[in-house]
Amino acid sequence: MGRSSHVLGFGAVIAVFVWAPEEEGHYYPGRVSRWWLKQSLAHLDSSLKSLGTSLVTKRSTDSISSLLEVVKATGATQLFFNHLYDPISLVRDHRAKEILTAQGVSVRSFNADLLYEPWEVNDDEGRPFTTFSAFWEKCLSMPYDPEAPLLPPKRIISGDVSRCRSDNLVFDDESEKGSNALLARAWSPGWSNADKALTTFVNGPLLEYSQNRRKADSATTSFLSPHLHFGEVSVRKVFHFVRIKQVLWANEGNKAGDESVNLFLKSIGLREYSRYMSFNHPHSHERPLLAHLRYFPWVVDEGYFKAWRQGRTGYPLVHAGMRELWATGWLHDRIRVVVSSFFVKVLQLPWRWGMKYFWDTLLDADLESDALGWQYISGTLPDGREFDRIDNPQFVGYKCDPHGEYVRRWLPELARLPTEWIHHPWNAPESVLEAAGIELGSNYPLPIVEIDSAKVRLEQALSQMWQNEAAARAAIENGMEEGHGDSADSPIAFPQAMQMEMEHEPVRNNPVIVTVPRYEDQMVPSMTSSLFRADDEENSVDIRNSVLESRAEVPTDVNVAENTRRDTLDQAVMQTARTNATPHFNFAVGRRNSEDSTAESSSSIRERDGGVVPIWSPSSTNYSDQYVGDDNGIGTSSSYLQRHPQSHQLMNWQRLSQTG
DNA sequence: TAGCTCTTCGG
DNA sequence: CGAAGAGCT
């Protein structure tokens, strides 16, 4: 230990990535997501090499055993990892901590994914918030700021990995390579590219964010979501940079800039809130948060589902969005709302199906964010959209794509249709259609469901839902047990078609069989360079150089915490073992730096961060622990909720707080 | 100024 | 589409 303390007051480090996607259950990452992960890890490994170490990779079906294996092979005495808040990770990480601690390894975990830990943000009575705006207001007025981002290390002392074999990780197969090649033209994964994307955004489009954020052509979004998802840039760094800009603009009296920052931060806040909700309601990715939605009679129609995926809905905006998603793995936030709202309200398909499809196809697929998004759209949150509201793609189309450019880009078959009819071709006069070469029902579909009949059907479904709910209530009052095997309780299975499209195939070099979801049902127009952002035309950044360029001074006078027995600390293992979010690579060293230098101060806030792995009982499916607001206590203005006060009841699962 | 219409915008 | 706010009388 002594010999390495001159660098960072810290021992040798081994960075580990364990690829154990089977642990994610249904949520095996999709093709584009795996593509990103592969590039990101290569980038990370390259950076680590330039700092003096490299990434140890393990293919596993049991990440904890794999970690133990690495610990044993390297003689590591400490393990560091960052918190994740999805239910699978929470349970697994808690177990990892228990098992490794029992093996004599000192385990510490940290917050690197959020501005504040979910348990830090509570209302005046100490209870978690149930609406976003209250939550976010609180976050912005916390008595202490989110911790400042840390600088990358200058150098890492590598642990001895000579007896620790790395597995060759395979993230794609031959059939995927062709499609993946296109992705590289549009996106540059990796932490230094994430830094660039952040800088570019903050110095450019951020100023006009409030003006442009509604446009379907996504030129003004930050494009940070995949980088954030994979842990390539920390949300604290984003927050920090953006706030600095805001202070600057506020001082200049730049009202538009100030407003833009607030709106952009709100979207950062939604990402925070998604973790917060996932932590407080661990089943939020599979069950509606408002109890009565369990009784909604979803239309379990795989034909509709397929039509939605293939863009055969007859609504140009929905169609265009689905094509963009399939072709690029990306969709502007507004269009996500359009296609998912259509899915839930017009087709009335079970939202989990749509969420799963997003998971399989989005480059920034993120369980918590997507769950929050779909629940918001589905009206299953106290502050989400009213369930009985249907977004009409026609009206929304003229708002976010007023000239029809977005639709024409993705639907060349409609290219010659005048703007006046581009979002509702079914109303266009025959002569116009003819001139545009469109024959509805033949070379362009008629609406699969008319909006008006969707409204009627939705009303009926809602009254059915309330009847079902009342019946269930009555059954309970009559002394029947609230059975958890209740059909309304168990999520609708993923469609047969989706499962049939799954292929079981061994992937070369992987010691296990993986299940790869496939959808081969979408035709897309050939891609042109105009689809890609101009600034990404030159890809393949020289990673080594960018590491050198962005390397910064780091403090060298780091204390080692009292509770770390420095004499026995020869090596530490850093686990970066998530498909879900790969922690920023400088975490193990930098984080310690920050933690340790403050560990002796009296700040209870800091102390809270050091070793807490949040858990709750995974087996608990106890619905009785619900949040019950009084009739207007929950702060919603939704008339829908006022009509249905029981909507205030959120399902909650008992949370056991535990200090490590 | 209360009250009305028009506009905007949605977690 | 509807609620909230701006703007007008």
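Note that the structure is predicted; figures quoted are calculated from it, not measured.

Now for the overall build of chain A. Looking only at helices and strands, chain A has 26 helices and nine strands in total. Looking at chain A residue by residue over its 660 residues, the buried ones come to 58%. Accessible area of chain A: about 26800 Å², with a carbon and sulfur share of 50%.

All right, on to the pairing of strand β3 (residues 78-82) then. Along β3, five of the five residues are buried, which leaves the element largely enclosed by surrounding structure. Both β3 and strand β4 (residues 106-110) contribute to a ladder of five bridges, which runs parallel. Counterpart to Phe-80 in the pairing with β4 is Arg-108. Regarding the hand of the β-α-β motif, the stretch spanning β3, helix α4 (residues 87-102) and β4 is right-handed.

Structurally, Ala-256 can be placed in helix α11 (residues 255-280). In this structure, the C-alpha to C-alpha distance between Ala-256 and Arg-352, residues 96 residues apart in sequence, is 38 Å.

A few words now on the packing of helix α13 (residues 316-328) against helix α15 (residues 351-361). In contact at an axis separation of 9 Å, α13 and α15 are set at 40 degrees when each is read in the N-to-C sense. Classified by the interaxial angle, the pair formed by α13 and α15 is oblique. For the pair α13 and α15, the contacting residues are Met-322, Leu-325 and Trp-326 in the first and Tyr-357, Phe-358 and Thr-361 in the second. For the contact of α13 with α15, a count of residues per class yields five nonpolar, one polar and no charged.

The backbone phi angle of Phe-223 is positive, close to 60 degrees, even though this residue is not glycine. Judged by its relative accessible area of 9%, Phe-223 is buried. Not every positive phi belongs to a glycine, and Gln-348 is a case in point at roughly 55 degrees. Secondary-structure assignment places Gln-348 in the loop between α14 (333-346) and α15.

This part covers the domain arrangement of chain A. Taken domain by domain, chain A comprises domain 1 (1-110), domain 2 (114-149 + 191-280) and domain 3 (291-463). Each partner contributes residues to the interface: domain 1 has 12 residues there, and domain 2 has 14 residues. Carbon and sulfur atoms supply 62% of the area buried between domain 1 and domain 2, which totals about 1000 Å² over both sides. When the buried surface of domain 1 facing domain 2 is broken down by residue, Trp-36, His-43 and Tyr-85 rank first, second and third, together holding 64% of it. On the surface where domain 1 and domain 2 come into contact, there are zero salt bridges.

We now examine the packing of aromatic side chains. Counted by the stated rule, this structure contains 35 aromatic pairs. The interplanar angle of 75 degrees and the centroid separation of 5.1 Å between the aromatic rings of Phe-358 and Trp-374 together place this pair among those described as edge-to-face. Of this pair, Phe-358 sits in helix α15 while Trp-374 sits in helix α16 (residues 367-377), placing them 16 residues apart in sequence. Each member of the pair Phe-358 and Trp-374 is classed as buried. In this structure an aromatic cluster arises from ring pairing among Phe-305, Trp-308, Phe-343, Trp-353, Tyr-357, Phe-358 and Trp-374. Across from the ring centre of Phe-305, 4.5 Å away, lies the NZ or CZ of Arg-309, which sits over that ring. Between the NZ or CZ atom of Arg-336 and the centre of the ring of Trp-330, over which it lies, the distance is 5.3 Å.

This part is about the pattern of salt bridges. What the rule picks out here adds up to 20 salt bridges. A salt bridge links Arg-271 to Asp-113, with the shortest nitrogen-to-oxygen separation between them at 2.5 Å. With Arg-271 in helix α11 and Asp-113 in the loop between β4 and α5 (132-140), this residue pair connects regions lying 158 residues apart in the sequence. Each member of the pair Arg-271 and Asp-113 is classed as buried. The salt bridge partner of Arg-389 is Asp-391, with a shortest N-O separation of 2.9 Å. Judged by relative accessible area, which is 36%, Arg-389 ranks as partly exposed. Each of Asp-113, Arg-271, Arg-275 and Asp-366 takes part in a single network of salt bridges with overlapping partners.

Averaged over all residues, the pLDDT of chain A equals 76, while 72% of them reach at least 70. Per-residue pLDDT stays below 50 along residues 500-515; that stretch engages in 41 contacts with residues further than four places along the chain or on separate chains. Low pLDDT (under 50) marks residues 575-612, which in the prediction has 132 contacts with non-local residues, meaning those over four places away or in another chain.

The biggest cluster of nonpolar side chains holds 67 residues, and the ones touching the most others in it are Phe-296, Trp-308 and Leu-417. Grouped together as the second largest cluster of nonpolar side chains are 36 residues, Ala-197, Val-238, Ile-268 and Met-277 included.

Rules used throughout
Residues numbered from 1 in each chain as written. Chains lettered and ligands numbered in written order. Predicted model: local features only at pLDDT ≥ 70, side-chain atom pairs only at ≥ 80, totals over all residues. Heavy atoms only, no water. Helix = DSSP H or I, 4+ residues; strand = E, 2+ residues; numbered from the N terminus. Buried < 20%, exposed > 50% of the residue type's maximum accessible area, 1.4 Å probe, protein only. Areas by Shrake-Rupley, 256 points an atom, 1.4 Å probe, with all protein chains shown as cover. Pairing = 2+ DSSP bridges. Right-handed = clockwise from strand over helix to strand, strands pointing away. Axes fitted to C-alpha atoms, helices over the stretch in contact; angles between N-to-C directions. Parallel < 35°, antiparallel > 145°, perpendicular 65-115°, else oblique. Contact = heavy atoms within 4.5 Å. Nonpolar A, V, L, I, M, F, W, Y, C, P; charged D, E, K, R; others polar. Domains from an automatic or database assignment. Buried area = accessible area lost by both parts, 1.4 Å probe. Salt bridge = Lys/Arg side-chain N within 4 Å of Asp/Glu carboxyl O. Phe/Tyr/Trp six-rings, centres within 6.5 Å; stacked < 30°, edge-to-face > 60°. Lys NZ or Arg CZ within 6 Å of the ring centre and 35° of its normal. pLDDT = per-residue confidence, 0-100. Core = buried A, V, L, I, M, F, W, Y, C linked by side-chain atoms within 4.5 Å.

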